[in-house]
Amino acid sequence: MNQTLSIDGARLYRTLDALGAIGGFEDPHSGLRGVCRLALTAADGAGRRHVVELMRAAGLEVRIDQIGNVFGRRAGQNDRLRPVMMGSHIDSVATAGRFDGCLGVLGGLEVIRTLNDAGRSTLRPLVVAFFTDEEGARFGTDMLGSAVATGRIPLKDAHALRDRQDLSVRDELAAIGFLGTDEPRLEAPYAYLECHIEQGPVLRTAGVDIGVVTGVQGICWHELSIVGRSAHAGTTPMSLRADAGVAAARINLALREMVASGRFGPEFRATMGVIAPYPGLVNVVPGQVTATVDLRDPDTALLDAAEAAIIAFYAEAARLEGVTIQHRRSARTPYVAFDADIQRRVAEAADARGFSRAAIVSGAGHDAQELSRLCPAGMVFVPGEFDGISHNPRELSTERQCADGVNVLLDVACALAEQAATLEELS
Ligand code: HGY
Ligand code: MN
Ligand code: MN
């Protein structure tokens, strides 16, 4: 276990602030500086170019694949061996903070800088990666780049995805200059590590320094198209209405009742994040509503049951309101368990540095769950202030919290990078 080296926490924090300024905005609700770098927008492009410069400044050889994933590689003493990869994402939701995803990418870069400063080489190559559109907030499905890299989503399907302005992933990649040429199917790294903020209250409330992530809960997203009839709000009797807005409201309340019923377990969570009425005017009964449903559960069977239940309710809401409701499953990932050996290494690294630690299931989706199909993968969580709030400009992990997580990342990455060639690598 690497004990002699430690990262430069102040330098790491400065890099987080600098990237956080790209796509920065004044949040009107909180007055805080937030981040908006929706995938493949000009702001994302600027953030990508900034990180590529940091990769090159750290001496990494940079390549870009056809879905816009970016990999910075540091040669190993035996450069034929499979690399240890550290990564995450730098795209954000529209109301983000500066830590979600960025800590894993800039933390990986800080590990590289620390090794460079110490003149330390590793047996295996090291790679720092950022994957395209982890959030899924613009093109509708999450972990897009890492799902293509690991074969869950075909490249042509990913390229064809369109946003609400009918702009395609492929065209938007080209527009920001990140439609790379490399084949996107990734050769299996030796291991994949991701340092990430918890994005919830568990670690901070328990006063724990490091989260040893055991896995990621299941995720299911639906896009709903609810069509009724626009009508005059004053002259149309209630009995003659086909109100898409009320249908959406019925579904939203049904989600809350499903959670309260306990039928889908104590961890089940349900959210209607998008509720977009058309025409959205004070004196017009909404004729259409575009809405989304986000279901999460660590128990894949219960998640399946919840999805079946809400689909059945769509028909009931349509009947009650005299509207039509079409749904499209836009994302679906099962519970994913992380590699036991990597969990052990994260725990040991935390112990060796005297950090308190706790096992935790991730409530959020992450690129690591996609990479776990290719190689042993694991995550290091750091706590966040203000109940670990995230997808909100109030998101905040302190310099110390970030440094603790990235020091554990450093230790585990260095230990894995000294693992001898496997028989398969020698053959
Ligand atoms: O939605 C999620 O869990 C992640 O932030 N993409
Ligand atoms: Mn994230
Ligand atoms: Mn996120």
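Residues numbered from 1 in each chain as written. Chains lettered and ligands numbered in written order. Predicted model: local features only at pLDDT ≥ 70, side-chain atom pairs only at ≥ 80, totals over all residues. Heavy atoms only, no water.

Draft legend 1. Main features of the packing of helix 1 (residues 9-20) against helix 13 (residues 399-417). Contact geometry for helix 1 and helix 13: axes closest at 9 Å, N-to-C directions at 110°. Viewed along their axes, helix 1 and helix 13 adopt a mutual orientation that is roughly perpendicular. In this structure, helix 1 contributes G9, A10, L12, Y13 and L16 to the contact, and helix 13 contributes E399, C402, A403 and V406. Of the residues contributing to the contact of helix 1 with helix 13, the split by class is seven nonpolar, one polar and one charged. (Axes fitted to C-alpha atoms, helices over the stretch in contact; angles between N-to-C directions. Helix = DSSP H or I, 4+ residues; strand = E, 2+ residues; numbered from the N terminus. Parallel < 35°, antiparallel > 145°, perpendicular 65-115°, else oblique. Contact = heavy atoms within 4.5 Å. Nonpolar A, V, L, I, M, F, W, Y, C, P; charged D, E, K, R; others polar.)

Draft legend 2. The arrangement of helix 2 (residues 42-57) in detail. Over its 16 residues, helix 2 extends 23 Å from the first C-alpha to the last, a length consistent with the 22 Å expected when each residue adds 1.5 Å. Along helix 2, the residues classified as buried are D44, G45, G47, R48, V51, V52, L54 and M55. Residues of helix 2 that are buried sit in contact with helix 1, strand 3 (61-64), strand 4 (70-74), helix 3 (102-117) and strand 6 (126-130). Among the residues trailing helix 2, G59 stands out with phi positive, at a value near 85°. (Expected span 1.5 Å × (residues − 1). Buried < 20%, exposed > 50% of the residue type's maximum accessible area, 1.4 Å probe, protein only.)

Draft legend 3. Expanded view of the coordination of the manganese ion (ligand 2). Coordination of the manganese ion (ligand 2) by the protein comes from H89 (NE2), D100 (OD) and H196 (NE2), over a distance range of 2.1 to 2.3 Å. The sequence pattern describing where the donors of the manganese ion (ligand 2) fall on their chain is H-x10-D-x95-H. For the pair the manganese ion (ligand 2) and the manganese ion (ligand 3), the metal-to-metal distance amounts to 3.6 Å, and D100 bridges them. Taken together, the residues H89 in the loop between strand 5 (84-88) and helix 3 and H196 in strand 7 (residues 191-197) connect sequence positions 107 residues apart. When its relative accessible area of 0% is taken as the criterion, H89 is described as buried. Assessed through its relative accessible area of 0%, H196 is described here as buried. (Donors = N, O, S within 2.8 Å, 3.2 Å for Na, K, Ca; no water.)

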